[in-house]
Amino acid sequence: LLSSSEIIMTSSTLHKSRSAERALHLLDTVVTAGSISLGDAARAVDLPTSTALRHLRALEHDGYLDRDPHGMFSVGPTFLRLALTSLREGPAAHLTTAARPHLDRLAETTGESAYLAVRERSRAVYIATAESTRAIRHVGWVGRTVPLSGTAVGTTLTGDGEATVLRNTGGVEPDVAAAVAPVMGPDGTVVAAISVLGPSSRLDDTSTDTVTTAVLVAAEALSRDLRGPT
């Protein structure tokens with residue numbers, strides 16, 4: 001049997017574990033949403049508003065989250081610093097480095113923002129970008145996650161690697177269109193997806209051939225670079 005002090009210590013440990021888990025779930029919710037209110041965040045993780053606010057304030061205090069004057073939470077400087085460090089030095093560092101010239105070329109060719117995404121369990125996460133130089137352009141998705149289901153990037157990351165371009169409009173954001181192709185690793189499996197995202201008014205049927213060709217060329221060139229000399 002446990003002594004009273006051991007019971008108290010065990011209870012305290014479990015409380016801290018549940019508290020950390022709730023904070024991490026809230027952080028993940030904010031990262032996924034990009035920007036979210038207190039009420040929506042609390043509902044997403046099934047917590048009372050007061051409990052969610054306590055955890056969100058703690059994350060804000062440590063710099064993991066920011067809160068704007070309207071009360072909307074978004075990722076903060078501490079989270080961004082850790083994310084960028086992971087991209088530069090973590091397992092994805094080689095992939096993002098290899099992708100950089102192809103993303104730059106793709107953005108220049110299409111005039112739209114180019115992205116690289118990888119699979120993270122049940123979601124896709126954008127890990128690198130080359131932004132369009134146009135005044136009206138798609139930006140800000142590095143570090144953001146989107147569902148695998150119902151999105152062109154998700155379908156590409158879970159597909160068989162067929163060299164084709166999937167197109168989708170409004171799958172995640174209204175009025176945003178995407179064209180996505182798979183990037184193959186040395187073992188012949190899909191390791192990433194390369195894409196062009198932009199306003200659907202510009203990525204319409206008249207631009208299909210240009211964008212499709214450019215995305216395929218970029219994906220195949222990156223796949224060759226990852227395979228290395230043969």
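Residues numbered from 1 in each chain as written. Predicted model: local features only at pLDDT ≥ 70, side-chain atom pairs only at ≥ 80, totals over all residues. Heavy atoms only, no water.

**Section: the packing of aromatic side chains**
Applying the stated criterion across every chain yields a total of one aromatic pair. Ring centres of Tyr115 and Tyr126 lie 5.3 Å apart, and the angle between their planes is 75°; on these two criteria the pair is classed as edge-to-face. Placement of Tyr115 in strand 3 (residues 113-120) and of Tyr126 in strand 4 (residues 123-130) is noted, with a sequence separation of 11 residues between them. Pair check on accessibility: Tyr115 and Tyr126 agree, each one buried. (Phe/Tyr/Trp six-rings, centres within 6.5 Å; stacked < 30°, edge-to-face > 60°. Helix = DSSP H or I, 4+ residues; strand = E, 2+ residues; numbered from the N terminus. Buried < 20%, exposed > 50% of the residue type's maximum accessible area, 1.4 Å probe, protein only.)

**Points about the pairing of strand 3**
Of all eight residues that make up strand 3, six are buried, and the element is covered over most of its length. Note: strand 3 against strand 8 (residues 190-199), five bridges, orientation antiparallel. When the bridges of strand 8 are listed, Tyr115 appears paired with Ser195. In this structure, strand 3 lies alongside strand 4, joined through seven bridges in antiparallel fashion. Each residue of the ladder has a partner; that of Ala117, found in strand 4, is Tyr126. Count of turn residues in the strand 3/strand 4 antiparallel hairpin: two residues, of which Arg121 carries a positive phi of about 55°. (Pairing = 2+ DSSP bridges.)

**Details of helix 5 (residues 93-110)**
Its 18 residues give helix 5 an end-to-end C-alpha distance of 25 Å, which sits within 8% of 26 Å, the value for a rise of 1.5 Å per residue. Within the sequence span of helix 5, burial applies to Ala93, Leu95, Thr96, Ala98, Ala99, His102, Leu103, Leu106, Ala107 and Thr110. Positive phi appears at Gly111, one or two residues downstream of helix 5, with a value of about 80°. (Expected span 1.5 Å × (residues − 1).)

**Here we look at the confidence of the model for the protein chain**
A residue-level look at the protein chain finds 86% of positions with pLDDT of 70 or above and a mean pLDDT of 83. This model gives residues 1-12 a pLDDT under 50, and the stretch forms three contacts once residues within four places in sequence are excluded. (pLDDT = per-residue confidence, 0-100. Contact = heavy atoms within 4.5 Å.)

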